[in-house]
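Structural overview
So you can see what is in the structure, the chains are spelled out below.
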Amino acid sequence: MDAVTNDDDAGGPRPEPGREDGPAPMEQPRDGEPGTQPRGEPGSAPHSEAADTPAPRSRRRRWLRWAAVGGAFVVLTATGIGAALYLKFEDNITTDTRTAEILKRYDKERPIPEVHDAKNILLIGSDSREGDNRRYGEDDGQARSDTAILLHLSADRKSATAVSLPRDLMVTVPRCVDRREGEESPEQFAQFNWAYEFGGASCTIRTVEELTGIRVDHHVVIDFQGFKRLVNAVDGVEVCLPKPVVDRDAKLRLPAGRQTLRGEDALGYVRARHALGDGSDTERMERQQEFLASLFRKVRGTGVLMNPAKLVPVLDAATSSLTADEGLNSLTELYDLVRSLRELPEEGLVFLTVPRQPYSQDPNRDELVQPEADRLFTLIRKDRPVDVVQQSEDAERRQEADGSRGERDTGDDDDRSEPTPTPTYSGATAEHETCD
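These remarks concern the structure in this document. For clarity, every value in this text was computed on a predicted model and none was experimentally measured.

1. Overview of the overall build of the chain
Per the secondary structure count, the chain includes twelve helices and 20 strands. Of all 436 residues assigned to the chain, the portion counted as buried reaches 46%. Taking contacts inside the chain between residues at least 6 apart in sequence as the whole, the part at least 24 apart equals 68%. Entry remark: accessible area of the chain is about 22900 Å², with carbon and sulfur atoms responsible for 49%.

Quick look at the structure:
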């Protein structure tokens, strides 16, 4: 697989963190890393009975690793994909090792997972204009995150919650390794998507963790070209438009009604702001969520994972479109993630945007709505379900709740003893279709 050691760099090589100040703190090597030997094997410790016999945990971990690889190979072979294609897909994946190296610096500052079998994956859409992406604007070396979604997979893998984070959200960006100079930038208050410009994926991850208190286990980065390849690989994604759309900036011209979008039209649809809705980033995120829900329904309902004719191009597009950390950089790991999502019921995949409102100092920016946002983050940290209602239903519910509070508000302290209800958020599940 291609190893990227400077994924956070926008303009060429740079010093590794800590190189100028001296060697980084020593990390305990993991089993199977280059230059190390597995625990318990000859040469790893002075000869003894314990040294001759691998530790049970180490032996079980190696067995599980090989079992996962073997199982994925059997599945792919059974569906008509041979060893050559398997290796090709493995080589397609670009591995981001730089982010992991940087995050080790700040490990003591990062949140501790509260539910270890749950997984939190940060999906980052980059607006980089490098290479083939130059057609979307001038490459000024300042790539920012165009989209960021925190995907939470429950420990039992029976539900998933995808939370969109506004790119214009005003947040505290913690100390990060500067993407251009290789030096540490100070903590600062800025737009959320600037974190990617300051320090790439590692700075975006640290900003999300600082904001939410949720430990990010893995991350995936996809750019404009990668998004188009993935959509084309599944033969397009269905959307529904209430009226025709013409957006010159997004190079978008679409008729009204139900239709399947591919390539450039699909990218323009999820990025457009001026010709769709009220032009806000919040509405754009809701449109992206609907698009992802439609993509999920298509992959889940058309037998992609068990149909070789459909699976091969999807795997080729997916693996060549993504940059992932070492925990998601193999075909077996990606397949396991996709399988977990495919086995979810449509009502089990929830999409929502973090509670936000116009920033008090600048209406063109966003800020969190509290305490609703912190309650949402707590539910995710504790691996509890998040309940959502459609926007129209949410507005009606809030009006009813306001009216009820007005009728009950007598100043009597007895009302305060009532239990706090489980919060409900404005959002959607994958079973909701926009044409319904």
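2. Quick look at the pairing of strand β5 (residues 160-164)
A regular strand carries its side chains on alternate faces of the sheet. Counting buried positions along β5 yields five of five residues, so the element is predominantly enclosed. Side chains of β5 alternate between two faces, with A160, A162 and S164 and T161 and V163 buried alike.

3. So, the pattern of salt bridges
On inspection of all chains with the given rule, the structure shows eleven salt bridges. Put simply, R262 and D235 hold a salt bridge, and the shortest N to O gap is 3.3 Å. On the criterion of sequence distance, the pair formed by R262 in the loop between β14 (257-261) and α7 (263-271) and D235 in the loop between α6 (224-233) and β11 (237-241) is long-range, its members being 27 residues apart. Take R262: its relative accessible area is 39%, and that puts it in the partly exposed class. Residues participating in the shared-partner salt-bridge network are E109, R175, E184 and R206.

4. Examining the state of the cysteines
For the coordinates displayed, the defined rule picks out one disulfide. Note on cysteine connectivity: C176 is disulfide-linked to C203, with sulfurs 2.1 Å apart. Between C176 and C203, the S-S torsion sits near 80°, and that sign places the bridge as right-handed. Note that C176 is positioned in strand β7 (residues 176-177) and C203 in helix α5 (residues 194-212), a separation of 27 residues in sequence.

5. Points about unusual backbone geometry
Looking along the chain, the bond that leaves Q370 and enters P371 is cis, with omega of 10°. Look at D383: it is not a glycine, yet its phi comes out positive at around 60°.

6. Focus on the pairing of strand β20 (residues 424-429)
Bridge count between strand β16 (residues 349-353) and β20: three bridges; the pairing is antiparallel. Within β20, the residue paired with V350 across the bridge is T429. By the bridge criterion, three bridges tie strand β19 (residues 387-389) to β20 in an arrangement that is parallel. Paired with V388 across the bridge in β20 is Y425.

7. Observations regarding the packing of α6 against helix α9 (residues 308-321)
Between two packed helices, the angle of one axis relative to the other and the distance separating the axes together describe the packing. Contact geometry for α6 and α9: axes closest at 8 Å, N-to-C directions at 170°. In this view, α6 runs roughly antiparallel relative to α9, as classed from their interaxial angle. Residues G226, R229, L230 and A233 of α6 lie in contact with α9, whose contacting residues are P313, V314, A317, A318, S320 and S321. For the contact of α6 with α9, a count of residues per class yields six nonpolar, three polar and one charged.

8. Considering helix α11 (residues 372-381)
Within α11, burial applies to A373, L376, F377, L379 and I380. Buried residues of α11, seen end-on, are gathered within an arc of 155° and therefore sit on one face of the element. Just downstream of α11 lies D383, where phi reads positive at about 60°.

9. Observations concerning helix α3 (residues 83-92)
Along α3, the residues classified as buried are Y86, F89, E90 and N92. Along the axis of α3, the buried positions cluster into a sector of 155°, meaning they face one direction only. More than 90 degrees from the buried face of α3, the exposed residues found are A84 and L87.

10. What about the packing of helix α4 (residues 97-105) against α5?
Their axes nearest at 8 Å, the elements α4 and α5 cross at an angle of 45°. The pairing of α4 with α5 is recorded here as oblique in orientation. Judged by the twist between their axes, the crossing of α4 over α5 is right-handed. Counting all contacts with α4, which are made through T99, I102 and L103, the residues of α5 involved are A201, S202, I205 and R206.

11. Structural notes on the environment of T353
By the element assignment, T353 lies in strand β16. Residues T353 and I149, spaced 204 residues apart in sequence, show a C-alpha to C-alpha distance of 8.9 Å. At 3.0 Å, the side chain of T353 and the side chain of Q289 are in polar contact.

12. A short note on the packing of aromatic side chains
Using the criterion set out here, one finds four aromatic pairs in the structure. A ring pair is formed by F189 and Y359, whose centres lie 6.2 Å apart and whose planes are at 55°; its orientation type is tilted. With a gap of 170 residues between them, F189 in strand β9 (residues 188-191) and Y359 in strand β17 (residues 356-359) connect regions that are remote in the sequence. For Y359, a relative accessible area of 19% corresponds to the buried category. A connected cluster of aromatic rings, assembled from ring pairs, spans F227, Y269 and F291.

13. Brief notes about the environment of H218
Take H218: it is sitting in strand β10 (residues 218-222). Look at H218 and you get buried, because its relative accessible area is 15%. Along the chain, H218 and I121 lie 97 residues apart, while their C-alpha atoms are 4.8 Å from each other. For H218, the contacting residues outside a window of four places in its chain are K119, N120, I121, L122, D325, G327 and L328.

Scoring rules and cut-offs
- Residues numbered from 1 in each chain as written.
- Predicted model: local features only at pLDDT ≥ 70, side-chain atom pairs only at ≥ 80, totals over all residues.
- Heavy atoms only, no water.
- Helix = DSSP H or I, 4+ residues; strand = E, 2+ residues; numbered from the N terminus.
- Buried < 20%, exposed > 50% of the residue type's maximum accessible area, 1.4 Å probe, protein only.
- Contact = heavy atoms within 4.5 Å.
- Areas by Shrake-Rupley, 256 points an atom, 1.4 Å probe, with all protein chains shown as cover.
- Salt bridge = Lys/Arg side-chain N within 4 Å of Asp/Glu carboxyl O.
- Disulfide = S-S within 2.5 Å.
- Pairing = 2+ DSSP bridges.
- Axes fitted to C-alpha atoms, helices over the stretch in contact; angles between N-to-C directions.
- Parallel < 35°, antiparallel > 145°, perpendicular 65-115°, else oblique.
- Nonpolar A, V, L, I, M, F, W, Y, C, P; charged D, E, K, R; others polar.
- Arc of directions from axis to C-beta.
- Left-handed = near helix turned anticlockwise from the far one by under 90°.
- Polar contact = N/O pair within 3.5 Å; in protein donor to acceptor, adjacent residues only side chain to side chain.
- Phe/Tyr/Trp six-rings, centres within 6.5 Å; stacked < 30°, edge-to-face > 60°.

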